[in-house]
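Residue-level structure breakdown
One-letter residues, chain by chain:
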Amino acid sequence: MTDDRMLWFSVALVIGTFAADAATPMGVAVPVLYLLPVVLGLWSQSRNHAVQVAGVATILTVLGAILSPPNGDIALGVTNRVLALLAVGATAAGVTHTRRVSESLRRTTATLGETQYALDQSALVCATDLEGTLVHVNDRFCERAGYARDELLGRNQRLLNSGTHAASFFAELWATVQSGKSWRGEICNRAKDGTLYWLDTTIVPLCDQHGKPRRYLAIRHDVTARRCAEARLREQAALARLGEMAAVVAHEVKNPLTGISGALQIIGERLPPDSRDRKIVADIRARIASLNDSVCDLLLYARPRAPNRTAVDVQAVLRETASLVSQDPTMKAVTVEVAGDHSVLSADPAMLREVFLNLVLNAGQAMNGQGCVRVEARDRGSRCEVAVIDRGPGIPADLRDRVFEPFFTTRSRGTGLGLAIVRRTVEVHGGEITLGETSGGGTTMMVVLPTLG
Ligand SMILES: Nc1ncnc2c1ncn2[C@@H]1O[C@H](COP(=O)(O)OP(=O)(O)OP(=O)(O)O)[C@@H](O)[C@H]1O
Ligand SMILES: [Mg+2]
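My aim in this report is to walk through the structure given alongside it, one point at a time. (Residues numbered from 1 in each chain as written. Chains lettered and ligands numbered in written order. Predicted model: local features only at pLDDT ≥ 70, side-chain atom pairs only at ≥ 80, totals over all residues. Heavy atoms only, no water.)

Observations regarding helix H10 (residues 314-326)
- Taking 1.5 Å as the rise per residue, H10 with 13 residues should run 18 Å; its terminal C-alpha atoms sit 19 Å apart, in good agreement.
- Three or more residues of H10 are buried, namely Val314, Gln315, Val317, Leu318, Thr321, Ala322 and Val325. Taken end-on, H10 shows its buried residues confined to a sector of 160°, consistent with a single buried face.
- Elements that come into contact with the buried residues of H10 comprise strand E6 (310-313), strand E7 (333-340), strand E8 (344-347), helix H11 (349-366), strand E9 (370-379) and strand E10 (383-389).
- Where H10 starts, the residue carrying a side-chain oxygen 3.1 Å from the main-chain nitrogen of Gln315 turns out to be Asp313. (Helix = DSSP H or I, 4+ residues; strand = E, 2+ residues; numbered from the N terminus. Expected span 1.5 Å × (residues − 1). Buried < 20%, exposed > 50% of the residue type's maximum accessible area, 1.4 Å probe, protein only. Arc of directions from axis to C-beta. Contact = heavy atoms within 4.5 Å. Polar contact = N/O pair within 3.5 Å; in protein donor to acceptor, adjacent residues only side chain to side chain.)

Section: helix H12 (residues 418-428)
- The element H12 is largely enclosed, with a buried count of nine among its 11 residues.
- Within H12 the residues assigned to the buried category are Gly418, Leu419, Ala420, Ile421, Val422, Arg423, Arg424, Thr425 and Val426.
- After H12 finishes, the residue Gly430 shows a positive phi value of roughly 80°.

Let's talk about the site of ligand 1
- Around ligand 1, a shell composed of 19 residues is seen, among which Asn362, Asp390, Thr409, Thr410 and Thr415 lie nearest.
- Between ligand 1 and Asn362, the relevant distance is 2.8 Å, taken from an oxygen atom to a side-chain nitrogen or oxygen of the residue.
- A distance of 3.0 Å is found between an oxygen atom of ligand 1 and a backbone nitrogen or oxygen belonging to Gly416.
- Calculation on ligand 1 without its partners gives an accessible area of 590 Å², and the protein chains cover 89% of this total.
- Listed by contribution, the elements that provide at least two residues to the shell around ligand 1 are H11 and H12.
- In terms of residues, the shell around ligand 1 owes the most to one element, H11, which gives four residues.
- For the shell around ligand 1, a count of residues per class yields seven nonpolar, 10 polar and two charged. (Near = heavy atom within 4 Å. Areas by Shrake-Rupley, 256 points an atom, 1.4 Å probe, with all protein chains shown as cover. Nonpolar A, V, L, I, M, F, W, Y, C, P; charged D, E, K, R; others polar.)

This is the structure:
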């Protein structure tokens, strides 16, 4: 019987017994005694209270019936009241019990609701049926995936597959959960905008009474930032290894190069002034000098020096960069447009020039050596934003995370060190570099650096 029904039943019972006792000469005392257990049943948490009060009320009303028998019939009066009060007591006890059960149910529901709220705040939660069709997704899940709830519900979760994992990875996952065991691991998903993100995932099979899964519940946490940090550490380790290698190469190559160049100079000077070989020797020496420069560059890149900071006007650095680019024979058909605000930074001007030179050269190369690269500086108070914008083909979504990795290149003659060095130099200066889109196609590289003010 539900709580409400129990209440109405006890109220009817009280009215009934009250009417049955109306003829008795006990005044208001009897109805009050009948009412007491029921009221207690409704308000007290303890079933015992209602039963005890019903017991006391029974004794009192029975005593009353003995002392003042209704219509002079003691047996009838006593039976009537004992039965009525027993029923009232039982009803009151029932009501109390029902109330306690429903109270505990309410508390359990509230706890469950709070647990779900906490889970929804901290994790990405989704549930699928046995085929992997999404049947529940929470707000954080939708937000991270970049889809509206309607776009996800009813779709297979393969929609979010990034193609990063081998088929055997998912085969092992499904085998585990289908056997009724939970699976834990990290999965890379693809958001609606094409970006990849990593989720620490626990998939729990929810089983029926026979232990067979009827649904899968996945609780996930975004670990993209941690994985990026790990990747950065690996990159730094790779760069450090390169540094060691470069130091050895530089040591082994530089000194012989100087010796060869010196020897060639002596040979060249011994040649008659009108000898055609003089030009050849000079040519060889120029190539050796350029080789020496490359070795020094590699050493400089791989073993970065600490910045030698001075107050630098960002516009001055950008204009110097533009003039360096104009001297590059491969950039003859590229114009560099420098615009925006003057910001004063505490930075190493040579290192900053190198940063922007790399970015502008990349932009020019992306446009096949012709077109306009726009460089815009914006003063934002405590920081300065410099955007290097080109109208090239842009960077495909799946390569966006990789372009900053050392040795990643799509150019046949690139080393793939440019952006890795740029990022490290920017970070050494307390700034950051991000990759944006140029509306209408192309790439925007955004460098943010702290200003002096
Ligand atoms: N503005 C851009 N537009 C399109 N792709 C770009 C752009 N900038 C960089 N990239 C991509 O990022 C890759 C890595 O660039 P990065 O400067 O690190 O190396 P690289 O230019 O290939 O070689 P190098 O070490 O000689 O600079 C490039 O090969 C190219 O695929
Ligand atoms: Mg480059």
